[in-house]
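Close look at the chain arrangement
Single-letter residue listing:
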Amino acid sequence: MTRSLLVFVLLTLLLTLGLVLLAFLFALLCVCVYLYVIGAVNGRAGRGGACESGAGKNQVLIMDEQLVGPLGLIAEYSLLKEHGVEKLFLLTSGRIDTEISNVIFITRPKALLMERIASVVRQHHNDGQRKDYHVFFAPRKTLMCERILETEGVLGDLVLGEYQLDILPYDSDLLSLEMENSFRECNLDGDPTSLFYVARSIMKLQTVYGIIPQIVGKGPHAKHVAEMMLRLRRELATSASASSAPELSVSPEIDTILLIDRTIDLVTPLCTQLTYEGLLDESFSIEHSFVTLNADITGNKDGKKTKVPLNSSDRIFSEIRDLNFAAVGPLLSSRAKSISQQYDERHDAKTVGQIKDFIGKLPTIQAEHQSLRIHTNIAEQIMKRTRDAAFLKTLETEQAFLCSVDTDKTSDYIEDLIGKKADLSLVLRLIALQSLTNGGFKPKVLDYYRREILHTYGMEQLVTLANLEKTGLLRKSDGKSSYPSLRKALRLVVEDVNQITPNDISYTFSGYAPISVRLVEAFARSGWRGMEEVLRLLPGPTFEELQMLPPGVQPRRANARSADGANAASAAGGAGKVTLVFFVGGCSYAEVAAIRFLAKQQEGRDYIIATTHMLTGGSMLQSVVEPLENRLVSAVPARQ
C-alpha cells in the first residue's frame, strides 16, 4: 500500500513538472508571436529597434517617464536585458551616473525633455566621460527639438533617430495611441500634432489590413484626421510605385472607419461609469491596461503593490468587465461555486488517467481561483464606494441633469460640495455636466459658480475656469440648448433599464445611453441617412469619403450591400462586416462596453475600437486644469 502511494506521488510530481514545462514553453511561444505581431503593426519590419542600435554592447536606456507604460506593452525589462540593456533610468532633472559608454535616450519630442538630455550630456562631459549617445524620438523627431539641442551645444554628440510608437493593443478589439494630452492639445493649446499621429496610425493599419473603403465621421478634429489620411495616401501614391506600395497588394479586411470626435459628446465622459471596468478605472485608475493594487487586494505576502494586467486572457475579468456593477456580484458567486466544484473533482479521480486529466486542468483552475480572489476583493472595495451616501447623491444629481431637471439654476448639491471644499475635480465635473445639458448658464448662475469656486479654492483657479470655457465645458447660455432635442431623438435616457440582462446600451450608465455609441448604433442600422437634423444638433461637420481600391484588389464580399441598404451575407466563408470606431480625443471604458454590446446584438458585424487614449471625467478635466507650478514656471524668464 505504501509503495503504491509512493508511486502515485512520484507520478503526480512528474506530471506536474511536465505541465509546468509545457506551460512555460507555450508562454514563451505566445510572447514571441505577440512581439512579432506588434512589430508588424508598428512598422518595425526592416528596421532595427532602439536597442539594436548598440547591438553587441552593454547599454544604458534613459526613458521619458511618460513612455515607460506604453513601451511596457511591447517589451518588458527582461526582454530589454536580453538585448544588452544593463540599466534603465528615467529622464528626470537629476543626475544620471553610469560607467557604461553606450547611452540610449527614448523620449517624446518635448522642449523640456531636450533640456534634460542636454543636461545629462553636459554632466558627463564635466565629469570627463566620453560616451556614445543615441536619441530616439517617439513617435517622431521634430525640427524644434533639433534646434534646442543645437542651442544647448550637444547636437554634435548625439545620433538622432525615430521610433514610430503609435497604435498599441490593449486587447483583441481595443487599440490606443496612449496620447494622454491629446484632448488638451487639440481643444485648448490649438496643437493639431496628435491628429497627424492619428492619421499616420490609420495609414499604418491600412498597410497591414488593406485600404478601408469607407471613411465616415463627425466633428472638426475627425474631419481634420480624414483630410490628412487622404493627403498621406496621395503622397504615398506619388512617392512609391504601384509595385512597391505595401497597401496595394493587401485585400481590405476592414469595411468602414467611423471617426468620432470627442467634442461632439462631452456629456458621456463626465458621467460616472457603472460598468465593472469603468468603475475600476474611476476608483483605481487603469494605466496602459494595468491597475496597481495594494497587497490586501492581491494577497501579496511581501506587502508590496502589484501591477495586475487587465485583458481578455483573464477569463474571470473577461466575463465581468463589461457588466453593470449590479450584475458582478452574482456572477462572481457563481464562478466561485464552479471553481469549488472543479477542485472537488480530485476526490473522484481513481485511475491514473483520471488523475492525469485533473492535473492537466489544475493550472487553469488555480489561475482562475487567483483571479477570482483579486476581483472579488476589488468588487468589495468598489461596493464600499458605491454604497457611500456622497456617491449616491452624485449619481442622483447626474441623473437629474441628464433628464434636464433643474439645469437652469444653481444646484444645491454643488453648493454643498463647494461649502465642504470637496474635491475640485468632482465639483467641476458636475458643473460642466450641468452646463452641457442646459446649453450653458445664464450669466447670473455662471458668475455665482465662478465666484464661489474662486473664494473657496483660491484665485489661481481663474485660469482653470478660463480653460473650461475655452474647451466648451463651461459657457454662457445663448438661449438655445440642443441637448433636450438630442435626448429625445437619440433616446439617450431609458427608464427601467435592465442592469442584469440588458437589452440596450444604456445599461452602461444605468439609464443613460452614450451619444457617441448611439451614433455608432444608428450607422450600423442604415447609415446616417435620415439623421441630418439630429447630426446638425452636434458640433462640427458630418462627412463621408470613399477610397478607391487599387487595381487588382478585390473588396470583401461582406462589404457588398443589397438594394435596400442591408448587409449582404458573404458568399464565401460567411465573414461579417468589420467597422473600426476611432475616438479622436479619448473614450471611456463604458463606451467600449457599449460597443461590445452592439457587436453581440448585431449579427454579421464586428467592431474594433481605437482611441487616442482612455479617459474618465476626472482625467479629462484634470488635463485642462492648469497646475499652479506650470504658471509659476512660465512666469520665470527664459535662460539666456
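Since we're looking at a predicted model, the values are computed, not measured.

Rules used in this analysis
Residues numbered from 1 in each chain as written. Predicted model: local features only at pLDDT ≥ 70, side-chain atom pairs only at ≥ 80, totals over all residues. Heavy atoms only, no water. pLDDT = per-residue confidence, 0-100. Helix = DSSP H or I, 4+ residues; strand = E, 2+ residues; numbered from the N terminus. Contact = heavy atoms within 4.5 Å. Expected span 1.5 Å × (residues − 1). Buried < 20%, exposed > 50% of the residue type's maximum accessible area, 1.4 Å probe, protein only. Pairing = 2+ DSSP bridges. 1 Å grid on protein atoms, 1.4 Å probe; cavity = no way out; pocket = protein on both sides within 12 Å on 5 of 7 lines; lining within 4 Å. Points joined across faces, edges and corners; volume = space filled by probe spheres on them. Nonpolar A, V, L, I, M, F, W, Y, C, P; charged D, E, K, R; others polar. Phe/Tyr/Trp six-rings, centres within 6.5 Å; stacked < 30°, edge-to-face > 60°. Lys NZ or Arg CZ within 6 Å of the ring centre and 35° of its normal. Axes fitted to C-alpha atoms, helices over the stretch in contact; angles between N-to-C directions.

A closer look at the confidence of the model for the protein
- Overall, the prediction assigns the protein a mean pLDDT of 85, with 85% of residues at 70 or greater.
- When mean pLDDT is compared element by element in the protein, strand β9 (residues 256-261) scores highest at 98, while helix α1 (residues 2-41) scores lowest at 46.
- Between residues 558-574, whose pLDDT stays under 50, and residues either more than four places distant or in other chains, the model counts 24 contacts.
- The model gives residues 631-640 a pLDDT under 50, and that stretch makes five contacts with residues more than four places away or in other chains.

Structural notes on helix α4 (residues 111-126)
- For α4, built from 16 residues, the straight-helix expectation of 22 Å at 1.5 Å per residue is met to within 8% by its first-to-last C-alpha distance of 23 Å.
- Leu-113, Met-114, Ile-117, Ala-118, Val-120, Val-121, Gln-123 and His-124 are the residues of α4 that are buried.
- Packing partners of the buried residues in α4 comprise β1 (59-63), β3 (102-107), β4 (132-137), α5 (143-151) and β5 (158-162).
- Just past α4, the residue Gly-128 takes up positive phi, approximately 75°.

Digging into the pairing of β1
- Most of β1 is tucked away: five of the five residues are buried.
- Of the two faces of β1, the one lined by Gln-59, Leu-61 and Met-63 and the one lined by Val-60 and Ile-62 are each fully buried.
- The pairing of β1 with β3 spans five bridges and is classified as parallel. From the neighbouring strand, Val-60 faces β3, where its bridge partner is Val-103.
- The sheet contact formed by β1 and strand β2 (residues 85-90) spans five bridges and is parallel. Across the sheet, Ile-62 pairs through a bridge with Phe-89, a residue of β2.

Looking at the layout of surface pockets
- For the second largest pocket, the calculated volume is near 420 Å³.
- Considering the residues around the second largest pocket, the lining is formed by 22 residues, among which Thr-263, Leu-436, Arg-475, Ser-482 and Pro-539 are closest to the centre.
- Those elements that provide at least two residues to the lining of the second largest pocket are α17 (424-438) and α20 (483-489).
- When grouped by side-chain class, the residues that make up the lining of the second largest pocket number 11 nonpolar, eight polar and three charged.

Here's the deal with the packing of aromatic side chains
- Enumeration according to the criterion identifies eight aromatic pairs in this entry.
- Consider the rings of Tyr-448 and Tyr-449, whose centres lie 6.1 Å apart with planes at 55°: the pair is tilted.
- With a relative accessible area of 21%, Tyr-448 lands in the partly exposed category.
- One aromatic cluster is present, formed by Phe-441, Tyr-448 and Tyr-449 through successive ring pairs.
- Cation over ring: Lys-307 sits above Phe-290, and NZ or CZ is 5.2 Å from the ring centre.

Observations regarding the sheet that holds β3
- The strand order β2-β1-β3-β4-β5 describes an open sheet built from five strands, whose pairing is parallel. The two strands at the open ends of the sheet, each matched to only one other strand, are β2 and β5. For this sheet, the mean angle separating the axes of adjacent strands, direction not counted, is 20°.
- Contacting β1, β3, β4 and β5, α4 runs over the sheet at an angle of about 170° to β3.

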